[in-house]
Amino acid sequence: MAGRAWSSLFDYKTEKYIDTKNKRIGVLHRLFQLCIIGYIIGWVFVIKKGYQEIDDVIQSSVITKVKGASVTNTSESGVFVWGPEDYVIPPQGEDVLFIVTSFLETPNQKLGYCAESPKVHDAHCRVDEDCKKGEMVVAGNGVMSGRCLRKNKNFTGSCEIFGWCPAERKFRPQKPLLATAENFTIYIKNFIQFPKFSFSKSNILETTDISYLKSCRYNEKRYPYCPIFRLGNITRRAGYNFQDMASLGGAISIAIQWDCDLDKATSHCNPVYHFSRLDATVSKKSIAAGFNFRRARYFKNAAGESYRSLYKVYGIRFHVLVYGKAGKFSIVPTVINIASGLALIGAETFFCDFVLLHFTKKKKSYREQKFKVSKSLVCRISTMITAGMDAHNTEEHVV
């Protein structure tokens with residue numbers, strides 16, 4: 001008995017297949033097979049490229065440079081020519097940069113005593129006691145001197161402050177002062193690398209023609225490798241008018257997408273640019289509308305006295321983002337996805353069997369045929385147990 005049990009460990013038992021003449025189940029069976037095969041071939045291998053190993057860790061470097069000039073003529077500073085060194089903040093060529101499109105100037109400020117701006121609520125006063133000497137004015141421009149400056153006794157005045165005088169004027173610009181800013185250009189130099197495959201590339205056309213970058217402008221079809229973008233075209237591609245954005249400012253995202261199939265030639269790995277406005281959900285009437293901050297230019301007069309001109313600058317903030325992935329053929333994901341497909345086909349057979357066993361008119365007959373092998377196996381095991389017991393009884397009798 002022990003020898004027979006040991007030898008049975010090396011027996012191979014195949015499954016029993018029954019050919020059922022049920023057209024509905026047959027159609028269901030083929031439909032499931034077609035769907036699974038279509039999913040494996042169409043979605044997994046063709047669309048998702050399941051035969052490739054993926055590297056989505058992209059290493060990137062971005063360098064920017066802005067060119068263009070604009071002339072302004074204001075009552076405060078007269079005629080002034082704005083170059084990139086004036087309207088680009090910061091000027092180092094980073095992947096986040098701010099371009100000034102409009103400004104409010106408070107010229108020739110000097111350290112001294114003056115009235116706080118009447119639009120600063122915490123500086124309103126009626127008597128000197130309302131202005132506590134030495135305390136900073138909240139959201140103001142200096143430190144209170146302890147005096148309340150008012151035109152007459154019947155109206156609220158403003159506290160006197162020590163700071164840069166006269167205090168900043170507060171109002172919103174009605175139109176962009178750098179009106180020609182939409183013709184400025186941004187040069188975006190991008191280098192990327194996928195370390196898993198030791199693959200690197202740039203968004204600039206590999207050419208020895210030095211005039212190429214001086215004359216080209218980015219175009220998806222004609223110049224996909226020209227890294228120079230006109231500001232007006234960037235806002236238009238984001239779905240907005242440049243002049244509307246330039247008055248109060250805003251934020252624009254320039255996303256560079258790299259999806260590279262390394263089973264093809266390197267020329268098929270191209271950058272794709274996406275432009276979108278990041279502050280699009282903020283209404284123009286909202287207190288959070290636009291983008292602005294303050295900066296100053298300092299100088300001294302002939303007598304050596306320090307002065308400054310304060311600018312509240314409005315403009316567009318550009319964020320350059322880089323993302324992507326690369327794929328290359330590998331036997332491991334190919335085998336895994338094929339095995340997953342075969343497992344799905346096995347699950348489909350199980351589902352059709354379940355329908356036959358429980359939802360067809362001849363389910364009883366099919367069940368008897370399906371599990372015939374199982375019943376024979378039970379009888380065989382029972383016979384082996386009986387034979388073993390008889391042999392044991394015989395041995396006891398002999399003894």
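For the structure itself, consult the block above.
Anyway, here's the lowdown on the structure attached to this text. Predicted model only: the values in this text are computed from it and were never measured.

**A word on the overall build of the chain**
- Along the backbone of the chain there are nine helices and 16 strands.
- The buried share of the chain, reckoned over its 399 residues, is 36%.
- Element-wise, carbon and sulfur atoms account for 58% of the exposed surface of the chain, whose accessible area totals about 25,400 Å².

**A few points about the side chain of Glu 168**
- Following the sequence through the fold, Glu 168 ends up in the loop between β9 (157-165) and β10 (185-194).
- The exposure class of Glu 168 is buried, given its relative accessible area of 5%.
- Among the polar contacts listed, one links the side chain of Glu 168 to the side chain of Arg 294, at a separation of 2.9 Å.
- Excluding anything up to four places from it in sequence, Glu 168 contacts Thr 106, Gln 109, Ser 117, Asn 141, Arg 294, Leu 310 and Lys 312.

**A look at the packing of helix α2 (residues 23-47) against helix α7 (residues 331-359)**
- Direction vectors running N to C along α2 and α7 enclose 165°, while the axes themselves pass 10 Å from each other. When the interaxial angle is binned, α2 and α7 end up roughly antiparallel. Classified by chirality, the crossing of α7 by α2 is right-handed. Packed against α2, whose contacting residues are Ile 25, Leu 28, His 29, Phe 32, Gln 33, Ile 36, Tyr 39, Ile 40, Val 44 and Phe 45, the element α7 presents Thr 334, Asn 337, Ile 338, Gly 341, Leu 344, Ile 345, Glu 348, Phe 351, Cys 352, Val 355 and Leu 356 at the interface.

**Things to note about the state of the cysteines**
- One pass over the structure, following the stated rule, counts five disulfides.
- Residue Cys 131 pairs covalently with Cys 159 via a disulfide, S to S 1.9 Å. Every disulfide takes its handedness from the sign of the S-S torsion; for Cys 131 and Cys 159 that torsion is -85°, giving left-handed. Of this pair, Cys 131 sits in the loop between β7 (124-125) and β8 (142-149) while Cys 159 sits in strand β9, placing them 28 residues apart in sequence. Like Cys 159, Cys 131 is buried.
- The cystine pairing of the chain, numbering bonded cysteines in sequence order, is 1-6, 2-4, 3-5, 7-8, 9-10.

Criteria and cut-off values
- Residues numbered from 1 in each chain as written.
- Predicted model: local features only at pLDDT ≥ 70, side-chain atom pairs only at ≥ 80, totals over all residues.
- Heavy atoms only, no water.
- Helix = DSSP H or I, 4+ residues; strand = E, 2+ residues; numbered from the N terminus.
- Buried < 20%, exposed > 50% of the residue type's maximum accessible area, 1.4 Å probe, protein only.
- Areas by Shrake-Rupley, 256 points an atom, 1.4 Å probe, with all protein chains shown as cover.
- Polar contact = N/O pair within 3.5 Å; in protein donor to acceptor, adjacent residues only side chain to side chain.
- Contact = heavy atoms within 4.5 Å.
- Axes fitted to C-alpha atoms, helices over the stretch in contact; angles between N-to-C directions.
- Parallel < 35°, antiparallel > 145°, perpendicular 65-115°, else oblique.
- Left-handed = near helix turned anticlockwise from the far one by under 90°.
- Disulfide = S-S within 2.5 Å.

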